[in-house]
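Listed here are the chains, written in short residue letters.
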Amino acid sequence: MTFKAGATSSKPTMKRGARYAFTVASAISAVSAIYHLIGGTPEVMHPLYAANLPSESAGILDVLWYQMAALLVGAAVATLFAAYRIHWRLPVAWMIGSHFLITSAICLIFSFSYFGNAWGLPQWVLFALIGIITFWAANRSSDG
């Protein structure tokens, strides 16, 4: 077998920073999930439980609360896999990144609606950051 200078491989290559960026997105998601469950549950859900809401309303809020926790954990796992599996990067960016960018926009809309400013629901920053990082990192990977 001979090797020629400048020969390219058919395997996808990774540009600098993509693995690091996906790992950072994973860490942000994981820390957000921990904070969501440990810090957010007493702050948000406990007052809702004390409000004596109808069971149907309380049940829906519980589902939504823990669904967000599951999304954050799932995003942490998916972005960590994408850090080490190049073929995962673009699908993860589209699924996780776009979902978090949309969630960020939803948080901003409701933050302005309820509080009159962007900082009533500051979690939009983390969602946007994860979304931007995943798309940036996916763009840093190429096939050739």
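Our focus in this paragraph is the overall build of the protein chain. A count of helices and strands for the protein chain gives four helices and two strands. Counting across all 144 residues of the protein chain, residues that qualify as buried make up 32%. Sequence-distant contacts, at least 24 apart, represent 72% of the contacts inside the protein chain between residues at least 6 apart. Taken as a whole, the protein chain presents about 9,200 Å² of accessible surface, with 70% of it coming from carbon and sulfur.

What follows concerns helix H4 (residues 124-139). Taking 1.5 Å of rise per residue, the 16 residues of H4 would be expected to cover 22 Å, and the 23 Å separating its terminal C-alpha atoms lies within 8% of that figure. Of the residues making up H4, those classed as buried are Trp 124, Phe 127, Ala 128, Ile 130, Gly 131, Ile 133, Thr 134, Ala 137 and Ala 138.

Overall, the coordinates contain five aromatic pairs when judged by the stated rule. The interplanar angle of 40° and the centroid separation of 5.5 Å between the aromatic rings of Trp 119 and Trp 124 together place this pair among those described as tilted.

The axes of two packed helices give the description: the angle between them and the distance between them. Close contact between helix H1 (residues 18-50) and H4 brings their axes to 8 Å; oriented N to C, the two are set at 160°. By the angle between their axes, H1 is roughly antiparallel relative to H4. Between H1 and H4 lies a crossing of left-handed hand. Facing Ala 18, Ala 21, Phe 22, Val 24, Ala 25, Ile 28, Ser 29 and Ser 32 of H1, the residues of H4 in contact are Leu 126, Leu 129, Ile 130, Ile 133, Thr 134, Trp 136, Ala 137 and Ala 138. In the contact of H1 with H4, the residues fall into 13 nonpolar, three polar and no charged.

Turning to the packing of helix H2 (residues 55-84) against helix H3 (residues 89-115), a few remarks are in order. Axis separation between H2 and H3 bottoms out at 10 Å; the angle between their running directions is 150°. The interaxial crossing formed by H2 with H3 has left-handed handedness. On the side of H2, the interface is formed by Met 68, Leu 71, Leu 72, Ala 75, Ala 78, Thr 79, Ala 82, Ala 83 and Tyr 84, while H3 contributes Arg 89, Val 92, Ile 96, His 99, Phe 100 and Thr 103.

Our next topic: the side chain of Thr 41. With respect to the element layout, Thr 41 can be found in helix H1. Taking relative accessible area as the criterion, Thr 41 reaches 8% and is therefore assigned buried. Looking at Thr 41, its side chain comes within polar contact range of the main-chain oxygen of Leu 37, at 2.9 Å. Setting aside residues no more than four positions away along its own chain, Thr 41 makes contact with His 36, His 46, Trp 65 and Tyr 66.

Basis of the calculations
Residues numbered from 1 in each chain as written. Predicted model: local features only at pLDDT ≥ 70, side-chain atom pairs only at ≥ 80, totals over all residues. Heavy atoms only, no water. Helix = DSSP H or I, 4+ residues; strand = E, 2+ residues; numbered from the N terminus. Buried < 20%, exposed > 50% of the residue type's maximum accessible area, 1.4 Å probe, protein only. Contact = heavy atoms within 4.5 Å. Areas by Shrake-Rupley, 256 points an atom, 1.4 Å probe, with all protein chains shown as cover. Expected span 1.5 Å × (residues − 1). Phe/Tyr/Trp six-rings, centres within 6.5 Å; stacked < 30°, edge-to-face > 60°. Axes fitted to C-alpha atoms, helices over the stretch in contact; angles between N-to-C directions. Parallel < 35°, antiparallel > 145°, perpendicular 65-115°, else oblique. Left-handed = near helix turned anticlockwise from the far one by under 90°. Nonpolar A, V, L, I, M, F, W, Y, C, P; charged D, E, K, R; others polar. Polar contact = N/O pair within 3.5 Å; in protein donor to acceptor, adjacent residues only side chain to side chain.

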